[in-house]
Each structure stands twice: as structure tokens, then as C-alpha cells.
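What follows is the residue order along each chain.
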Amino acid sequence: MRKSKIKDTCACEKCRATIDQMDSDLLAIQGMKDNAARQIEKLTDSGKIEYLRASEIISGYIEKEEDVEIALQKLKEKMMKMLAEGYKISFQ
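Numbering of residues starts from 1 in every chain and runs along the sequence as written. Since the coordinates come from a predicted model, pLDDT governs what is reported: local features require at least 70, and pairs of side-chain atoms require 80 or more to be given and counted, while whole-chain, interface and lining totals use all residues. Side-chain calculation: all heavy atoms of the structure are included, whereas hydrogens and water are not.

1. Overview of the environment of cysteine 12
Rule in force here: Numbering goes from the N terminus for both helices and strands, where a helix is a DSSP run of H or I of at least four residues and a strand is a run of E of at least two. Residue contacts are defined here by distance: any two heavy atoms, one from each residue, within 4.5 Å place the two residues in contact.
Along the chain, cysteine 12 falls in the loop between helix H1 (2–9) and helix H2 (19–44). Cysteine 12 sits 10 residues away from methionine 22 along the chain, and the two C-alpha atoms are 8.9 Å apart. Once you skip the residues sitting within four places of it in the chain, cysteine 12 turns out to touch Ala17 and Met22.

2. A look at the confidence of the model for the protein
Basically, it comes down to this: pLDDT is a residue-level measure of predictor confidence that goes from 0 to 100.
Taken as a whole, the protein shows an average pLDDT of 84; of its residues, 88% reach a score of 70 or greater. Mean pLDDT per element in the protein: H1 is the minimum at 54, and helix H4 (residues 65–84) is the maximum at 95.

3. Quick notes on a nonpolar patch on the surface
Heads up, the rule is: For patch detection, residues must exceed 30% relative accessible area and be free of salt bridges, and they are connected within 9 Å for like charges or within 5 Å for nonpolar side chains (Val, Leu, Ile, Met, Phe, Trp, Tyr). Areas reported here follow the Shrake-Rupley algorithm with a probe of radius 1.4 Å; residue values treat only the protein chains shown as occluding. Salt bridge, as applied in this entry: a Lys or Arg side-chain nitrogen positioned within 4 Å of an Asp or Glu carboxyl oxygen. Burial here depends on accessible area, computed with a 1.4 Å probe over protein chains only, as a share of the maximum for the residue type. Under 20% is buried, over 50% is exposed, and the range in between is partly exposed.
On the surface, a nonpolar cluster with roughly 320 Å² of combined accessible area is contributed by Leu26, Ile29 and Met32. Along the chain, leucine 26 falls in helix H2. Judged by its relative accessible area of 55%, leucine 26 is exposed.

4. Considering H4
Quick note on the threshold: Any helix carries an expected span of 1.5 Å times its number of residues minus one. Read the arc as the range of directions from the helix axis to the C-beta atoms.
Here H4 spans 28 Å end to end across 20 residues, near enough to the 28 Å set by a 1.5 Å rise per residue. For H4, the complete set of buried residues consists of Asp67, Ala71, Leu75 and Met82. With its buried residues spanning 60° around the axis, H4 presents them on a single face. Exposed side of H4, more than 90 degrees from the buried face: Glu65, Glu69 and Ala84 are the residues found there. Where the residues of H4 are buried, they touch strand S1 (49–52), helix H3 (54–57) and strand S2 (88–91). Glycine 86 lies just past H4 and shows a positive phi near 90°.

Rendered as C-alpha cells:
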């Protein structure tokens, strides 16, 4: 309880952003960096590139070996389809 109260009351002296706002900004910046990297890669590479995030294919928790096998199979199927369509794969 006390930790969240401190988190809510602490703010940057210059811009008055709270810790939660700064966390959100950092996540947004990472998304912008990823997008910029994709754009640069597209401009410098003549091949078709597909971007893959494991979290778009796999959800939930991995708690046992069977879950690992299922997750890997899903990733493999997606990657094989992308390769068959002539794409290079870049993980995000």
C-alpha cells in the first residue's frame, strides 16, 4: 500500500510527470524505436521482411514441458508459413 502511495506522489521536478507516466513514456519510446528500426531495415534491405513478436502467437503462461512444446510448435508453424511466402523473419 505504501509503495503505490509513494509512486503516485513522486514526480519529476521539471515536467511534473509521475512515475507511472514516465513508465508509460518509456514503453512508448520503445515502440517508436522498434518502428524506426523496421523502417530503416526496409529501406536498406531489398527482400521482403516480416516482423514477428512471439507474444502475438503465444499467450498465457508456460508452466510445464508440454506448454513449451506447444509454444514452439506454434512459432515454427508461423515461421514456416512466412518463409514459404518468401519473407525474411525479424523478431521484435
